[in-house]
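Architecture at a glance
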Amino acid sequence: MLFVSDYDFPEPIRSILLILKLITGIGLVIIAIISYLYVRDTPSDEKSKNYLMGISMFFLILACSKAVYFYHDFFALDEWDTVLSRIADSIFLIGFVIFTYMIERHVFKKSKYVFTIIGALILVLYIIIWVPLISTIILYIGLIIMITLPLIIHIFIAVKGSGDVKKRALIITLGIVILMFSSFGLFLFKLLGLMSNDLSLLIGPPIELTGYIVLAYGLITMVY
C-alpha cells in the first residue's frame, strides 16, 4: 500500500494512474449493475437469482473497497494510511467472504461452508489485530484461501465437465488467474527487479479490470 505522497509522480504519470484506478472502480460498479440486471432474465428458480445477486453484491463491495483505496492513494493525508487501508482491506475481505459463500452454497456444497467460516474468522482477526506484520500475514492468508478455493473448484469442473459448462469453468479459471497475476505476479516482478514500480502501477489496473470482466462473464453465463 502506498501513501498519497508516494503517488507524487511527475505528470502525466500521476494523472494516468488516477484515471486508470478510477476506471477500475467504475468498471466494478458497471459489472455489479449488469449482474443485477441479469437477475430479471434468469430462469425462474430462486437458486439462480440468489446466485446472480451474490455475484452483483461481490462486485459492488469490491467497488466500495476500491473507492476507499482511491481516496487513500490520491487524496488522504499520510497519517490516515493505517485506518483507511484497514477499512479498504476489510471491505475487500468481506467481498471475498461473500464470494466464497456463494461458491460453497451454489457450486461446491461438499465443503460444508468450511472455507466461508475460515474466511469470516480471518476477517475478524484482521479487524481486531493491529500489529502491522501479523495483520498483513493474516490478510494474505485469507486472500490466498478464498481465491484458491474457486480456482481449484473451477479447474476441477473444467477437467470433468464438457460443452458449455467446461467452457464457462475455463473462463472463470482464466479470470482468477489474471487477477492473481495483477497482484501477486506484478509484485513478484517488482521484487525480482524485472519491472519498475512505475510500470507495474500503470499496467496493474488494466490487467486487474480485465480479470474482473473475464471472471464476471464466466460467473454470469454459467447460470445459462
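So, here's what we can say about the structure. On a predicted model such as this, the values are computed, not experimentally measured, just so you know.

With respect to the packing of aromatic side chains
A full pass over the atoms with the stated rule returns 10 aromatic pairs. An angle of 80° between the planes, with centres 5.3 Å apart, marks the rings of Phe58 and Phe96 as edge-to-face. Linking Phe58 in helix 2 (residues 46-74) with Phe96 in helix 3 (residues 81-106), this pair joins segments that are 38 residues apart in sequence. By the burial criterion, Phe58 is buried, and Phe96 matches it. Judged by centre distance (4.6 Å) and plane angle (20°), the rings of Phe58 and Phe99 are stacked. With a gap of 41 residues between them, Phe58 in helix 2 and Phe99 in helix 3 connect regions that are remote in the sequence. Residue classification places Phe99 among the buried residues on the basis of a relative accessible area of 2%. An aromatic cluster of at least three residues, connected via ring pairs, comprises Phe58, Phe59, Phe92, Phe96, Phe99 and Tyr212. The ring of Tyr126 is capped by Arg86, whose NZ or CZ atom sits 4.7 Å from the centre of that ring. Between the NZ or CZ atom of Arg86 and the centre of the ring of Trp130, over which it lies, the distance is 4.5 Å.

Description of the packing of helix 3 against helix 4 (residues 114-128)
Taken N-terminus to C-terminus, the directions of helix 3 and helix 4 make an angle of 170°; their axes are 8 Å apart at the nearest point. What the angle tells us is that helix 3 and helix 4 run roughly antiparallel. On helix 4, the residues that touch Ser85, Arg86, Asp89, Ser90, Leu93, Ile94, Val97, Thr100, Tyr101 and Glu104 of helix 3 are Val114, Phe115, Thr116, Gly119, Ala120, Leu123, Tyr126 and Ile127. Residue composition of the contact of helix 3 with helix 4, grouped by class: 10 nonpolar, 5 polar and 3 charged.

Details of unusual backbone geometry
Peptide bonds are mostly trans, and most non-glycine residues show a negative phi. Of note, Tyr113 is a non-glycine position whose phi angle comes to about 65°, a positive value. With respect to the helices and strands, the residue Tyr113 is situated in the loop between helix 3 and helix 4. For Tyr113, a relative accessible area of 33% puts it in the partly exposed group.

Let's talk about the side chain of His106
Among the secondary structure elements, His106 is positioned in helix 3. Setting aside residues no more than four positions away along its own chain, His106 makes contact with Lys47, Asn50 and Tyr51.

As for the environment of Val131
For Val131, the location among the structural elements is in the loop between helix 4 and helix 5 (132-160). Val131 sits in the partly exposed class, given a relative accessible area of 43%. When the C-alpha positions of Val131 and Leu219 are compared, they lie 36 Å apart, and in sequence the two are 88 residues distant.

Conventions and cut-offs
- Residues numbered from 1 in each chain as written.
- Predicted model: local features only at pLDDT ≥ 70, side-chain atom pairs only at ≥ 80, totals over all residues.
- Heavy atoms only, no water.
- Phe/Tyr/Trp six-rings, centres within 6.5 Å; stacked < 30°, edge-to-face > 60°.
- Helix = DSSP H or I, 4+ residues; strand = E, 2+ residues; numbered from the N terminus.
- Buried < 20%, exposed > 50% of the residue type's maximum accessible area, 1.4 Å probe, protein only.
- Lys NZ or Arg CZ within 6 Å of the ring centre and 35° of its normal.
- Axes fitted to C-alpha atoms, helices over the stretch in contact; angles between N-to-C directions.
- Parallel < 35°, antiparallel > 145°, perpendicular 65-115°, else oblique.
- Contact = heavy atoms within 4.5 Å.
- Nonpolar A, V, L, I, M, F, W, Y, C, P; charged D, E, K, R; others polar.

Take it as geometry only, folks, not as evidence of what the structure does.
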